[in-house]
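Analysis of the macromolecular model
Letter by letter, the chains look like this.
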Amino acid sequence: MKELENISLPDELLDEIQHNIEHIIQTFDVPEENKMEVIKQINFMYSRTKYLSLTDALTRLPNRRHFDSTLDKEFSRAKRYKNKLTLAIFDIDYFKKINDTYGHQCGDFVLKEISNAALLTFRKSDAVFRFGGEEFAVLLTETEIKQSIIPLERFRKTIETLDLTYEHKKVNVTVSIGACQLTDDITSEQEFIDRADVQLYEAKKAGRNKTFLSKIS
């Protein structure tokens, strides 16, 4: 299955392929139980391929493609029903230095440990994604910006105190976090991302290992 890990096919295409194959199998002149077994195997492969197309191979977190589709749904839902929605973006501080000092395998180790910590810290109703490189995103549903400070700061402090050791060497890691609440004046998903990203930039500019939140006027 390793060759499937970087597959990126549209969901509609995957669904169409699955449907077409099942239809072809149904026309085969073979015992019905044999058809069902083949269809069962195809459905398994389809589910596996779809999972891999939406999952980051290293961290096993949902990937950027999955983030985009989830944000599209949550953004539309929040706008339509006036739900609270906060987007946080966090970035591993000085990640290049970690790679340069300890090697890329250590960098991969850190990415996985950060991912595990995020899954353990945030609520099950919140969605954590690997946004790209050393950057991650969290969608906090039904959450106002002032409420988000509690889980975000808890996560930041968790990472700050992580006892990470790679090949008998202690690795100190921190994250910077920027967050933004969806408001009426935000008209697109990209604008929502950009505003959270501005707060992340401010957190880094202020010295890193900080959480910055957008203000609601």
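The structure under discussion appears in the preceding block.
Throughout what follows, the structure given in this document is the object of discussion. Remember, it's a predicted structure, so these values are computed and weren't measured experimentally.

Looking only at helices and strands, one finds seven helices and seven strands in the chain. Mapped in sequence order, the helices and strands of the chain form the string α-α-α-β-α-α-β-β-α-β-β-β-α-β. Expressed as a percentage of its 217 residues, the buried residues of the chain come to 42%. Working note: accessible area of the chain is about 12,500 Å², and carbon and sulfur atoms make up 52% of it.

Quick look at the pairing of strand 2 (residues 127-132) now. Pairing of strand 2 with strand 3 (residues 135-141) involves five bridges; the strand directions are antiparallel. Opposite V128, over in strand 3, you have V138 as the bridge partner. Hairpin remark: strand 2 followed by strand 3, antiparallel, with two residues in the connecting loop; positive phi at G133, about 60 degrees.

Moving on, we get to helix 7 (residues 189-205). Taking 1.5 Å of rise per residue, 17 residues should cover 24 Å, and helix 7 covers 24 Å from first to last C-alpha, within 8% of that figure. On its buried side, helix 7 packs onto helix 3 (64-81), strand 1 (85-92), strand 2, strand 3, strand 6 (175-181) and strand 7 (211-213). Just past helix 7, the residue G207 takes up positive phi, approximately 125 degrees.

The next subject is the environment of Y201. Relative to the elements of secondary structure, Y201 occurs in helix 7. Put simply, Y201 and D91 are 110 residues apart on the chain and 9.7 Å apart in space, counted from C-alpha to C-alpha.

Next up on the list: the pattern of salt bridges. The full count for this structure, using the stated rule, is 15 salt bridges. In this structure, E74 and R77 form a salt bridge, with 3.0 Å as the shortest nitrogen-oxygen distance. Separated by three residues within a single helix, E74 and R77 lie in helix 3, roughly one turn from each other. Put simply, K84, E144 and K146 are held in one network by salt bridges that share partners.

What counts as what
- Starting afresh in each chain, residues are numbered from 1 along the sequence in its written order.
- Local features in this predicted model are restricted to residues whose pLDDT is 70 or higher, and side-chain atom pairs enter the listing and the counts only when it is 80 or higher, whereas totals over whole chains, interfaces and linings include all residues.
- With hydrogens and water stripped out, all remaining heavy atoms of the structure feed into the side-chain values.
- What counts as a helix is a DSSP run of H or I of at least four residues, what counts as a strand is a run of E of at least two, and both are numbered from the N terminus.
- Residue burial is assigned from relative accessible area. The probe radius is 1.4 Å, only protein chains are included, and a residue is buried under 20% of its type maximum, exposed over 50%, and partly exposed in between.
- Residue burial considers only the protein chains on display, and all accessible areas are found by Shrake-Rupley using a 1.4 Å probe.
- When DSSP finds two or more bridges between two strands, those strands count as paired.
- Multiply 1.5 Å by the residue count of a helix minus one, and that product is the helix's expected span.
- Only heavy atoms enter the contact rule, under which two residues are in contact if any of them lie within 4.5 Å.
- Salt bridge, as used here, is a side-chain nitrogen of Lys or Arg placed within 4 Å of a carboxyl oxygen of Asp or Glu.

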